[in-house]
Amino acid sequence: MAYAHDQLLTNLLRDVSRSFYRTLRVLPPAIRPQISLAYLLARTTDTIADTELIPLDRRLGALRTLRERILGLSEAPLQFGELALQQSSRAERELLEQCEFSVGLLNTLSPADLRRVLEVLNTITRGQELDLLRFAGASAEGILALRTAAELDDYTYRVAGCVGEFWTRLCCAHVFTPNEANETAMLTDGARFGKGLQLINVLRDLPADLRQGRCYLPAEELTVAGLKPDDLLAASNEPKLRPVYNRWVEMADAHLAAGWKYTNAVPRRCFRVRLACAWPLLIGRKTLQLLRTQNVLDPRRRLKISRWAVRAIIGRSVLYYPWAGAWERLFG
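Computed from a prediction, not measured in an experiment: that's the story for all the values here.

(A) Examining the overall build of the protein more closely. For the protein, the count of helices and strands is 16 helices and two strands. Whereas a compact globule of 332 residues would reach a radius of gyration of roughly 20 Å, the protein reaches 20 Å, a difference of no more than 12%. Overall, the protein is about 55 × 55 × 35 Å in size when its C-alpha atoms are taken along their principal axes. Here the contacts in the protein between residues at least 6 apart in sequence split such that 74% fall between residues at least 24 apart. As displayed, the protein offers around 15,300 Å² of accessible surface, 52% of which is attributable to carbon and sulfur atoms. Here the protein contributes 45 positively and 36 negatively charged side chains, and the mean placements of these two sets differ by 7 Å.

(B) Inspection of the packing of helix α10 (residues 183-204) against helix α14 (residues 271-293) at higher detail. It is at 10 Å that the axes of α10 and α14 come closest, and there the two elements cross at 35 degrees. Seen along the crossing, α10 lies across α14 with a hand that is left-handed. Counted together, F193, L197, I200, L203 and R204 of α10 and C277, P280, L281, G284, T287, L288 and L291 of α14 form the full contact between these two elements. Of the residues belonging to the contact of α10 with α14, the class tally is nine nonpolar, two polar and one charged.

(C) Representation of the side chain of R69 in the model. For R69, the position within the fold is in helix α4 (residues 56-70). Once residues lying within four places of it in the same chain are set aside, the contact partners of R69 are S74, E75, A76, L78, E100 and V103.

(D) Inspection of the nonpolar core at higher detail. Counting residues in each nonpolar core, the largest one holds 103 residues, and the members touching the most others are F80, L106, W167, L203, L241, Y245 and V273. Per-element accounting of this core gives the leading share, 11 residues, to α14.

(E) Molecular detail of empty space enclosed by the protein. Inspection of every chain in the model, using the stated rule, returns one cavity of 30 Å³ or more. Roughly 40 Å³ of internal volume is contained in the largest cavity. Taken together, D153, T156, K195, L199, W248, M251 and H255 make up the lining of the largest cavity. Elements with a minimum of two residues in the lining of the largest cavity: α9 (149-174), α10 and α13 (238-265). At three residues, the largest contribution of residues to the lining of the largest cavity is made by α13.

(F) Representation of the packing of aromatic side chains. All told, the structure shown has eight aromatic pairs when counted by the stated rule. Three or more aromatic residues joined by ring pairs form one cluster here, namely W260, F271, Y321, W327 and F331. Note that R285 overlies the ring of F331, its terminal NZ or CZ placed 4.0 Å from the centroid.

(G) Representation of α13 within the structure. Between its terminal C-alpha atoms α13 stretches 38 Å, which fits the 40 Å expected from 28 residues at 1.5 Å a residue. A maximum bend of about 40 degrees is found in α13 at V244.

(H) Fine view of the environment of D113. Relative to the helices and strands, D113 is located in helix α8 (residues 111-134). Take D113: its relative accessible area is 4%, and that puts it in the buried class. Separated by 78 residues in sequence, D113 and I35 have C-alpha atoms that sit 9.9 Å apart. Ignoring sequence-local partners within four residues, the contact set of D113 consists of Q34, L170 and H174. A distance of 2.9 Å separates a polar atom in the side chain of D113 from a polar atom in the side chain of Q34.

(I) Molecular detail of unusual backbone geometry. In this model, N179 sits at a positive phi of 65 degrees, which is unusual for a non-glycine residue. With respect to the helices and strands, the residue N179 is situated in the loop between α9 and α10.

(J) Spotlight on the confidence of the model for the protein. Of all residues in the protein, 97% attain a pLDDT of 70 or more, and the chain-wide mean is 92. Per-element mean pLDDT across the protein ranges from 74 in helix α1 (residues 5-16) up to 98 in α13.

(K) Quick look at the environment of A252. By secondary structure assignment, the location of A252 is in helix α13. In the structure, A252 is positioned 48 residues away from R204 in sequence and 12 Å away in space, judged by C-alpha atoms. Setting aside its immediate chain neighbours within four residues, A252 contacts G196, L199, I200, L203 and L288.

(L) How the structure looks around the pattern of salt bridges. Under the counting rule described, the total for this entry stands at 24 salt bridges. Where R116 meets D113, a salt bridge forms, and the shortest distance between an N and an O atom there is 2.6 Å. Linking R116 with D113, this pair stays in helix α8, spanning three residues, or about one helical turn. As far as burial versus exposure is concerned, R116 and D113 are alike and both buried. Note that R214 is salt-bridged to D131, the shortest N-O span being 2.7 Å. Taken together, the residues span a long stretch of sequence, with R214 in strand β2 (residues 214-215) and D131 in helix α8 at a distance of 83 residues. Here R214 falls in the buried class, since its relative accessible area comes to 10%. Overlapping salt bridges, with partners in common, bring together R14, D15, R90 and E94 in one network.

Rules and cut-offs
Residues numbered from 1 in each chain as written. Predicted model: local features only at pLDDT ≥ 70, side-chain atom pairs only at ≥ 80, totals over all residues. Heavy atoms only, no water. Helix = DSSP H or I, 4+ residues; strand = E, 2+ residues; numbered from the N terminus. Rg over C-alpha atoms; globule rule 2.2 N^0.38 Å. Contact = heavy atoms within 4.5 Å. Areas by Shrake-Rupley, 256 points an atom, 1.4 Å probe, with all protein chains shown as cover. Lys, Arg positive; Asp, Glu negative; His and termini not counted. Charge placed at Lys NZ, Arg CZ, Asp CG, Glu CD. Axes fitted to C-alpha atoms, helices over the stretch in contact; angles between N-to-C directions. Left-handed = near helix turned anticlockwise from the far one by under 90°. Nonpolar A, V, L, I, M, F, W, Y, C, P; charged D, E, K, R; others polar. Core = buried A, V, L, I, M, F, W, Y, C linked by side-chain atoms within 4.5 Å. Buried < 20%, exposed > 50% of the residue type's maximum accessible area, 1.4 Å probe, protein only. 1 Å grid on protein atoms, 1.4 Å probe; cavity = no way out; pocket = protein on both sides within 12 Å on 5 of 7 lines; lining within 4 Å. Points joined across faces, edges and corners; volume = space filled by probe spheres on them. Phe/Tyr/Trp six-rings, centres within 6.5 Å; stacked < 30°, edge-to-face > 60°. Lys NZ or Arg CZ within 6 Å of the ring centre and 35° of its normal. Expected span 1.5 Å × (residues − 1). Bend = angle between axes of the 7 residues up to and from the residue. Polar contact = N/O pair within 3.5 Å; in protein donor to acceptor, adjacent residues only side chain to side chain. pLDDT = per-residue confidence, 0-100. Salt bridge = Lys/Arg side-chain N within 4 Å of Asp/Glu carboxyl O.

Written out as structure tokens, the structure is:
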């Protein structure tokens, strides 16, 4: 199926990201196309990195080819047909098939916005490449773990914290008036915002990642707790893991608190930007409540809040917006 350029940022984007698409739709038109395009291309690189049926060296090669094309270092046409055939999801298959057209949309951006998009995509793709190299050779029979807390912090910054900075720079350029927001403070809190959301993904997806040979919880902390990465395959070891796990839950919560501070630093007149920030934060906070109480090593449990709960969060955020006090208490 061939997509028109405008459909790439609507239909295809919706199909590959139903949850984040909700956030994209509420953004003001001044920044929606830039963030949508950056997300679409990042989602493309992520699909390449995650296609485990393709050998590692070929995935790395495809990732570098796409990064060079995005950065304008190459003009060779992108041909990811073999990768596309390996996708079980129709949307992800089309994402790879339409990659050349997606990259072409970069030409519609202003020079300043193009620079911002290229910067964040360069950081993300290098983070994905580093992630592939760190876990080269990993399997369920030979689980590899990140070594230190610094490596986990670096990972969350590269794949999500940098997005908070990108978002901030776009808002300061196109949405906020001069001197209306403290850009320096918002860049710091924006990076923590992104890192918090990614850390929740790491914590929630722990059982699935382990069965792919990946453990993002630092080996040095597991060792102190008397655990090896392989031990986490047994749900019965969850009580022993809890002290390590809870430290990262609290870190994620602290990052989300910085994200809520960021949200409330957005001028109140910027209703759409505040909502776009609030929804993933409040959903993330609710997810952390589940992670505090459930057996997080049980692969049978999908720790995800219900659609009803998501709708309730969205409804309350809109309903309470006119009352500053009620709005600020949404986070708790």
